[in-house]
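Understanding the architecture of this molecule
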Amino acid sequence: MALWALSSVSDGDVLKFFGFEGGEAELRGKHDGRNSQGVPAVREVFDPAVLAAVSDGMAESSAREARLPWDESIAGKEHKLLFMPFIVHQNDRMRSEFEVTDLPFAKELSFQSSERKAARIESWCYRTPEFRKIRSTYIDAGIAAQVWNSVWYPDPAYDLPLLGIDFLSFGKKKVLCILDFQPMSQDAQYLAKYIDPLASIKSKYPGLAGQMSARFYDENQFFSKQLAFGRFENADPVMAELYPAFKEYLEAYIAAIKRATPSTDPEVIAYNLQRQKDYDQYSAERDPAVGLFSTYFGSEWAERFTHDFLFEHSVPVPKTSAPGERAVAPGANSSD
């Protein structure tokens, strides 16, 4: 999952989505990346390691991953990179358990730094024999925003849920998190097999037992009853509660794919892939936070990032369409 994808939604809506009042007005002014003269204080962070990982218009991830964890925030060393331990731990576990290769994608989508505020975004993408795509994105805007998002898409020979991760922090008092095995079916046997075992993990973490707003999502589609949802007023629970819960969910997910037997039935494989495509379309139409991307990196780039990287099997919805109403571009096949 990713909490960004609808250009008509502001970054204030992201806060309201999680139940924080005040919305965009509270997000503004925390740190606008300007110096004492009012000039945007934006630093380019490209270095030879980044440039070497980009060739022929396509970006690879392993060389750039080697630069993690980042030493300091683009907004200054006084600002904590709140979710950096999570992405480092995920990468370590991913590489220790699977045969990982880079999944190249457009270089202009791999990294951007804002010309408006002190902010940067970088993304990485991989594949393994078990996963057709594992993507990860980190946004660093100092105290104003720290965001980490990742989704694991199994190879369609497997019917496993997607592993969806969204961790966000705005200012000093707004930390938001979603962690879930996102089911590809609501069939009772499927849920008993893949979702019910998470109950014993979730029950250890009462701070992650919150309810997600129904404003943007139907929790009966692509979300499970064992979704870990947290909304914190400070960063203390991030390492105390969220980090151990994340590690347990990740280990349970790795164990599930290790136990799974891939199908060789073309119809089953086609069905599993279509469900993943449906997930992309559903998410691209409903995620409320592309306004955050637009604020920092521009609406045109945000649109491309949403549909060409985050959810590459989605079709952009015309601006005149009602929210949640699927639109197919002229000549496009909805099953592609």
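Residues numbered from 1 in each chain as written. Predicted model: local features only at pLDDT ≥ 70, side-chain atom pairs only at ≥ 80, totals over all residues. Heavy atoms only, no water.

Quick look at the overall build of the protein chain now. Each helix and strand counted, the protein chain has twelve helices and eleven strands in total. Looking at the protein chain as a whole, 55% of its 336 residues are labelled buried. Counting contacts in the protein chain only where the partners sit at least 6 residues apart, residues at least 24 apart contribute 69% of the total. With an accessible surface of roughly 14,300 Å², the protein chain has 51% of that area assigned to carbon and sulfur atoms. (Helix = DSSP H or I, 4+ residues; strand = E, 2+ residues; numbered from the N terminus. Buried < 20%, exposed > 50% of the residue type's maximum accessible area, 1.4 Å probe, protein only. Contact = heavy atoms within 4.5 Å. Areas by Shrake-Rupley, 256 points an atom, 1.4 Å probe, with all protein chains shown as cover.)

It is worth spelling out unusual backbone geometry at this point. For the bond from Leu 68 to Pro 69, the omega torsion is 0 degrees, close enough to zero to count as cis. You can see Pro 69 is positioned in the loop between α4 (62-65) and α5 (84-97).

Right, let's get into the pattern of salt bridges. Per the stated rule, a full pass over the model turns up 13 salt bridges. Ionic pairing is found between Glu 312 and Lys 133, a salt bridge with its closest N-O pair at 2.5 Å. In this pair, Glu 312 is assigned in the segment after α12 (299-310) and Lys 133 in strand β7 (residues 131-140), connecting sequence segments 179 residues apart. One salt-bridge network, held together by shared partners, links Arg 93, Glu 97, Glu 251 and Lys 258. (Salt bridge = Lys/Arg side-chain N within 4 Å of Asp/Glu carboxyl O.)

So, on to the packing of aromatic side chains. Applying the stated criterion across every chain, the model contains 30 aromatic pairs. Among the aromatic residues, ring-to-ring pairing joins Phe 105, Phe 293, Tyr 296, Phe 297, Trp 301, Phe 305 and Phe 309 into one connected group. The lysine or arginine in question, Arg 135, covers the ring of Phe 311, its NZ or CZ lying 5.2 Å from the ring centre. (Phe/Tyr/Trp six-rings, centres within 6.5 Å; stacked < 30°, edge-to-face > 60°. Lys NZ or Arg CZ within 6 Å of the ring centre and 35° of its normal.)

What follows concerns helix α9 (residues 236-259). Over its 24 residues, α9 extends 35 Å from the first C-alpha to the last, a length consistent with the 34 Å expected when each residue adds 1.5 Å. The largest bend along α9 reaches roughly 40 degrees and is located at Leu 242, with the proline Pro 244 sitting one to four residues downstream. (Expected span 1.5 Å × (residues − 1). Bend = angle between axes of the 7 residues up to and from the residue.)

Before going further, it helps to spend a moment on the environment of Lys 258. When you line up the elements, Lys 258 lands in helix α9. Contact partners of Lys 258, with chain neighbours within four places excluded, come to Glu 97 and Phe 98. Looking at Lys 258, its side chain comes within polar contact range of the main-chain oxygen of Glu 97, at 2.9 Å. (Polar contact = N/O pair within 3.5 Å; in protein donor to acceptor, adjacent residues only side chain to side chain.)

This next bit is on the pairing of strand β11 (residues 228-232). Burial runs high along β11: four of the five residues are buried. Examined bridge by bridge, strand β10 (residues 174-182) and β11 share five bridges and lie antiparallel to one another. Bridge pairing in β11 places Ile 178 opposite Phe 229. (Pairing = 2+ DSSP bridges.)

This brings us to the environment of Asp 265. Assignment of secondary structure puts Asp 265 in the loop between α9 and α10 (266-286). Each C-alpha atom, one on Asp 265 and one on Ala 157, is 8.2 Å from the other, the two residues being 108 residues apart in sequence.

So yeah, pure geometry; function would need other evidence.
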